[in-house]
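# Examining the three-dimensional arrangement
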2 protein chains.
Amino acid sequence: MVKINENYLLLENSYLFVEVNRRATKYMEENPDKNVIKMGIGDVTKPLVPSVINAFKDAVDEMADVNSFMGYGPEQGYDFLAEAIIKNDFNRWGIDLDLDEVFISDGAKCDAGNIQEIFALDNIIAVTDPVYPVYVDTNVMAGRSGMIKDDGMYENIVYLPCREENNFVPELPSEKVDLIYLCFPNNPTGTTLTKDQLAKFVEYAKENDALILFDAAYEAFITEDNVPHTIYEIEGAKEVAIEFRSFSKTAGFTGTRCAYTVVPKEIKIKDSEDNEQSVNLLWNRRQTTKFNGVSYPVQKAAEAVYTEEGQKEIIENIDYYLENARIIRESLSEIGLNVYGGVNSPYIWVKTPNDMESWDFFDLLLEEANIVGTPGSGFGPSGEGYLRLTAFNTLENTKEAMGRISKLSF
Amino acid sequence: MVKINENYLLLENSYLFVEVNRRATKYMEENPDKNVIKMGIGDVTKPLVPSVINAFKDAVDEMADVNSFMGYGPEQGYDFLAEAIIKNDFNRWGIDLDLDEVFISDGAKCDAGNIQEIFALDNIIAVTDPVYPVYVDTNVMAGRSGMIKDDGMYENIVYLPCREENNFVPELPSEKVDLIYLCFPNNPTGTTLTKDQLAKFVEYAKENDALILFDAAYEAFITEDNVPHTIYEIEGAKEVAIEFRSFSKTAGFTGTRCAYTVVPKEIKIKDSEDNEQSVNLLWNRRQTTKFNGVSYPVQKAAEAVYTEEGQKEIIENIDYYLENARIIRESLSEIGLNVYGGVNSPYIWVKTPNDMESWDFFDLLLEEANIVGTPGSGFGPSGEGYLRLTAFNTLENTKEAMGRISKLSF
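Keep in mind that this is a model prediction, so the values were computed, not measured. (Residues numbered from 1 in each chain as written. Chains lettered and ligands numbered in written order. Predicted model: local features only at pLDDT ≥ 70, side-chain atom pairs only at ≥ 80, totals over all residues. Heavy atoms only, no water.)

### Here we look at the overall build of chain A
A count of helices and strands for chain A gives 12 helices and 15 strands. What you see for chain A is a C-alpha radius of gyration of 22 Å, in line with the 22 Å of a compact globule of 410 residues. With respect to the three principal axes, the spread of C-alpha positions in chain A is 60 × 55 × 55 Å. Burial status across chain A gives 62% buried among its 410 residues. Counting contacts in chain A only where the partners sit at least 6 residues apart, residues at least 24 apart contribute 73% of the total. On chain A, roughly 15,300 Å² of surface is accessible, and the fraction owed to carbon and sulfur atoms is 45%. (Helix = DSSP H or I, 4+ residues; strand = E, 2+ residues; numbered from the N terminus. Rg over C-alpha atoms; globule rule 2.2 N^0.38 Å. Buried < 20%, exposed > 50% of the residue type's maximum accessible area, 1.4 Å probe, protein only. Contact = heavy atoms within 4.5 Å. Areas by Shrake-Rupley, 256 points an atom, 1.4 Å probe, with all protein chains shown as cover.)

### Regarding the UniProt feature "modified residue: N6-(pyridoxal phosphate)lysine" (unreviewed entry) in chain A
In this numbering, the UniProt entry assigns the feature "modified residue: N6-(pyridoxal phosphate)lysine" (unreviewed entry) to Lys249 of chain A. With respect to the secondary-structure elements, Lys249 of chain A resides in helix H7 (residues 248-251). Excluding residues within four positions of it along the chain, Lys249 of chain A makes contact with Gly42, Val44, Ala217, Tyr218, Phe221, Thr254, Tyr347 and Phe392 of chain A together with Tyr72 of chain B. At 2.9 Å, the side chain of Lys249 of chain A forms a polar contact with the side chain of Tyr218 of chain A. (UniProt positions renumbered as here; feature names shortened; annotations may be inferred. Polar contact = N/O pair within 3.5 Å; in protein donor to acceptor, adjacent residues only side chain to side chain.)

### Side note on the domain arrangement of chain A
Residue and element names in this part refer to chain A. Taken domain by domain, chain A comprises domain 1 (6-47 + 309-406) and domain 2 (53-307). On a C-alpha basis, the centres of domain 1 and domain 2 stand 25 Å from each other. There are 20 residue pairs in polar contact (both at pLDDT 80 or more) connecting domain 1 and domain 2. Those elements that place two or more of their residues in the side of domain 1 that touches domain 2 are helix H10 (308-334), strand E11 (339-341), strand E12 (347-351) and strand E15 (386-390). In terms of residues, the side of domain 1 that touches domain 2 owes the most to one element, H10, which gives 7 residues. Taken together, the residues that form the side of domain 1 that touches domain 2 break down as 17 nonpolar, 12 polar and 6 charged. (Domains from an automatic or database assignment. Nonpolar A, V, L, I, M, F, W, Y, C, P; charged D, E, K, R; others polar.)

### Section: the sheet that holds strand E8 (residues 259-262) of chain A
All names here are of chain A. The strand order across the open sheet built from 7 strands is E2-E8-E7-E6-E5-E3-E4, with neighbouring strands paired in mixed fashion. Strands at the two margins of the open sheet, each flanked by one partner only, are strand E2 (102-105) and strand E4 (157-161). With direction set aside, neighbouring strand axes in the sheet form an average angle of 20 degrees. Of the strands in this sheet, E2, strand E7 (241-246) and E8 are in contact with helix H3 (residues 79-90), which crosses E2 at around 115 degrees. (Pairing = 2+ DSSP bridges. Axes fitted to C-alpha atoms, helices over the stretch in contact; angles between N-to-C directions.)

### Side note on the pattern of salt bridges
Within the structure shown, the criterion is met by 45 salt bridges over all chains. The partner of Arg285 of chain A in a salt bridge is Asp137 of chain B, with the nearest N and O atoms 3.1 Å apart. With Arg285 of chain A in helix H8 (residues 279-290) and Asp137 of chain B in helix H5 (residues 133-142), the pair connects residues from two separate chains. Each member of the pair Arg285 of chain A and Asp137 of chain B is classed as buried. Three or more residues joined by partner-sharing salt bridges are found here, namely Glu19, Arg22, Arg23 and Asp363 of chain A. (Salt bridge = Lys/Arg side-chain N within 4 Å of Asp/Glu carboxyl O.)

### Examining the relation of the copies chain B and chain A
Least-squares fitting of chain B to chain A yields an RMSD of 0.0 Å, with the superposition described by an axial translation of 0.0 Å and a rotation of 180 degrees. Such values leave the two copies arranged in the relation of a two-fold axis. Among all C-alpha atoms of chain B, that of Lys57 of chain B lies closest to the rotation axis, at 2.9 Å. A high fraction, 100%, of the interface residues of chain B reappear at the interface in chain A, so the copies pair face to face through one surface. (Least-squares fit on C-alpha atoms with pLDDT ≥ 70 in both.)

### Quick notes on the packing of helix H5 (residues 133-142) of chain A against helix H8 (residues 279-290) of chain B
Contact pair H5 of chain A / H8 of chain B: the axes reach a minimum separation of 10 Å and the direction vectors enclose 145 degrees. Crossing of H5 of chain A over H8 of chain B shows left-handed handedness. Counting all contacts with H5 of chain A, which are made through Val134, Asp137, Thr138 and Met141 of chain A, the residues of H8 of chain B involved are Arg285, Arg286, Thr289 and Lys290 of chain B. Along the lines of polarity and charge, the residues of the contact of H5 of chain A with H8 of chain B split into 2 nonpolar, 2 polar and 4 charged. (Left-handed = near helix turned anticlockwise from the far one by under 90°.)

### Focus on unusual backbone geometry
Asp129 of chain A connects to Pro130 of chain A through a cis peptide bond whose omega is 5 degrees. Note on placement: Pro130 of chain A falls in the loop between strand E3 (125-129) and H5. Within the chain, Asn156 of chain B stands out as a residue other than glycine whose phi angle is a positive 70 degrees. Residue placement: Asn156 of chain B occurs in the loop between H5 and strand E4 (157-161). Residues other than glycine seldom take positive phi values, yet Asn370 of chain B does so here, at roughly 55 degrees.

### Digging into the UniProt feature "binding site: substrate" (unreviewed entry) in chain A
All names here are of chain A. UniProt tags Tyr15, Gly42, Lys109, Tyr132, Asn187, Asn292 and Arg388 as "binding site: substrate" (unreviewed entry). A maximum C-alpha distance of 35.4 Å is found for the annotated residues, which run over 374 residues; spatially they are spread out rather than grouped. Mapping Asn187 onto the fold places it in the loop between strand E5 (179-183) and helix H6 (195-208). The class of Asn187 is buried, set by a relative accessible area of 7%. Beyond its immediate sequence surroundings of up to four residues, Asn187 is in contact with Val131, Tyr132, Tyr218, Tyr347, Phe379 and Arg388. Separated by 2.7 Å, the side chains of Asn187 and Arg388 make a polar contact. Looking at the element boundaries, Arg388 is found in strand E15. Classification of Arg388 as buried rests on a relative accessible area of 1%.

### Observations concerning the interface of chain B and chain A
The interface is formed by 81 residues belonging to chain B together with 81 residues belonging to chain A. Across the interface of chain B and chain A, roughly 6,800 Å² is buried in total on both sides, 58% from carbon and sulfur atoms. Here chain B is connected to chain A by 6 salt bridges. Taken together, the connections running from chain B to chain A amount to 40 residue pairs in polar contact (both at pLDDT 80 or more). (Buried area = accessible area lost by both parts, 1.4 Å probe.)

### Things to note about the side chain of Asp129 of chain B
Residues and elements named next belong to chain B. Note on placement: Asp129 falls in strand E3 (residues 125-129). Notably, Asp129 is buried but unbridged: the nearest opposite-charge side chain belongs to Arg163, and the N-O separation is 7.0 Å. At 2.8 Å, the side chain of Asp129 forms a polar contact with the side chain of Ser382. In contact with Asp129, not counting residues within four places along its chain, are Met153, Tyr159, Leu160, Pro161, Cys162, Phe379, Gly380, Pro381, Ser382 and Gly383. (Lys, Arg positive; Asp, Glu negative; His and termini not counted.)

### Structural notes on the nonpolar core
If you look at the biggest cluster of nonpolar residues, it comprises 142 residues, and the most contacted ones within it are Ile231, Phe247 and Phe253 of chain A together with Ile231, Phe247 and Phe253 of chain B. For this core, the element with the most residues is H3 of chain A, which contributes 7 residues. Residue contacts for Phe253 of chain A: discarding those within four places in its chain leaves Leu48, Val52, Phe247, Ser248, Cys258, Val298, Ala301, Ala302 and Val305 of chain A. One finds Val136, Val140 and Leu211 of chain A together with Tyr132 of chain B within the second-largest nonpolar core, a separate group that totals 68 residues. (Core = buried A, V, L, I, M, F, W, Y, C linked by side-chain atoms within 4.5 Å.)

### Quick notes on helix H11 (residues 358-369) of chain A
Residues and elements named next belong to chain A. Taking 1.5 Å per residue as the helical rise, H11 with its 12 residues ought to reach 16 Å, and the 16 Å between its terminal C-alpha atoms agrees with that figure. Those residues of H11 that sit buried are Ser358, Phe361, Phe362, Leu365, Leu366 and Ala369. Down the axis of H11, the buried set is contained in an arc of 135 degrees. They therefore lie on one face. Each element contacted by the buried residues of H11 is listed here: helix H1 (16-30), E12, strand E13 (371-372), strand E14 (374-375), E15 and helix H12 (395-406). (Expected span 1.5 Å × (residues − 1). Arc of directions from axis to C-beta.)

### A short note on the pairing of strand E6 (residues 211-215) of chain A
All names here are of chain A. Most of E6 sits out of view: 5 of its 5 residues are buried. Across the two faces of E6 the burial is the same, with Leu211, Leu213 and Asp215 and Ile212 and Phe214 all buried. Both E5 and E6 contribute to a ladder of 5 bridges, which runs parallel. Across the sheet, the residue bridging to Ile180 is Ile212, located in E6. In terms of handedness, the path from E5 via H6 over to E6 forms a crossover that is right-handed. Across 4 bridges, the pairing between E6 and E7 is parallel. Its bridge partner lying in E7, Leu213 is registered against Ile242. (Right-handed = clockwise from strand over helix to strand, strands pointing away.)

Below, the structure written as structure tokens:
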């Protein structure tokens, strides 16, 4: 008799954005005259830039001609893209990588979700809290957690709180953990770690034979000097860290789909027979067995992000979003709210006034200012009492939204 | 201390096509004057058809405009494509599906590899032999097998041999199995099951509470009447079968990446507390958590496959490959070889002459006729003594290759 994977039954049923969408839709249906401004979901709004569009279409044209048609490509992605990635995203920070350390994929969500497969089920995982739900859920599905507890945390998963009290800098785990998910600039808080702060985690990983799974999907939004653009800026990180990157927020690829994961060959783990195993080879085996590469025209489109013109164009878009972030940050500060993030990130993390619960503040903003945010509690227990706003709307809508909030009294 | 998933260490190291490529490359380097014809890897060679190219480029143009730009799409794919799929691939055979029973993805390899995640680790799986390696390898990686034995079979996996002796029709499992992978038209043998033959597996699944994972990636090549185009043509199959489909071979999407999986809501499995669980919801949870949808322009390109013009164009390409298949089949038959497949499939499965081993016949064809095939033994123990040729080369090369083989004496 076929049996299901019952770990799936341990998952919380309601998905955060489904509930956000349900409440927003209900409000809009009941109030069709209201102009609701969505600042909830972290999706870009600017179209693909001209350099990307041109390269994308040229590559589609190649697919029309028998002499330039591309069939199956390498599961790991084409060298032309891996070369551009290494040169632009790593060499410029003084880091060198081999081509076979870069695995191109259709999404950082997929990679961050799939990576746990290559590790044993009895590893202890640690996550910062609040957190991007994919890290937790994929480990629950695999069977690395127990039940969810009343406090909203799963048994057997170590949570590292990030709140005002510690300035959103997670403490090192007080118990032994094996796999540590870190995302900086952080989703959802928009906060970052300095190089020194990140170096402590690298040191912890080395001392405890742990591995860091570093999600740098928001790297393009870094504006401050002392914030690492890649974890490999930290000495020794190549031995203990995998890094996830994405074109989604960098170049507006949320609907186009391209990302990559760096797995340095320096990462070696001893198996139960004391033989050193290469994590790079394990991930290569995973990807070659269960993945078939990214669409060729999409990879050509991603390559164009790194041209001189492409860089100019995407930076213009990022600056546009960062200006929105600045406006949100300053407007909310002016009316006395405590706000975080938004400097190296498109996310602004707002402390709710008067210790309101996240969903209550969500409802208040929806009903009184017609603004949709995302309740912080949806990202984990330590997100309670916060709300996330994103800078991905238009400048006009962002200003309009801030004007509305400024008229509220808390 | 972080531990790896040691199931990966159970996998065979050498990957079939890597070794094929190594031998072919070595031969070509040593014999630069020889015109080597590749009939090994199952990759298409015809470019994308004009309807697909036009839709693809139009969709890229949409991504350039703020008013038509598409960000994150549904993880399950857009309704416009699911609707076209249901209408064209199922309604025409009298089968109806709901939109939320179709999950669009970037590849049937991914889906066929990932599907096992939603089932418990102690299910017994059965595969036909020879077999597409992904079914076996992904289960080995998850921990559903033991070690590989001297006979090339993994412990705890049930192999259903398909050879000349049973006319490539697998027997029903003689022991109880839970998950049965079937691929028809078959990769690698190119053979098919009739409706009655497939119905026996559906009946087995019903009687044994088993589930069939049906890979129909080669459906577009079916030419004979009594061959089912979808497993749902078999009465009751919706309760016991998941079906994988792909645009790769149908429309030349091997480098463009689009596929889909059908998970009927009728499939219910009782959990350990005797509650019925929907496999459709489990897969939905898997996909929404670990996948982020297919590139929007790619989905628009796939939709164009179903236009009247698109259908005409792709059928022309398929007929071209089928004509190659016919030439291969008839040429090899004429010189006394036993050949199978090639009627409802782009694959021709050749019995080696004089009981040669697969790799010996591979070497002979490479060295004496400068033709690259794929050794049948690479697909599993029951593939020993066979070699796979594909019809994806040009008509000219196919004729040239057959002329060369015809001059050999075995």
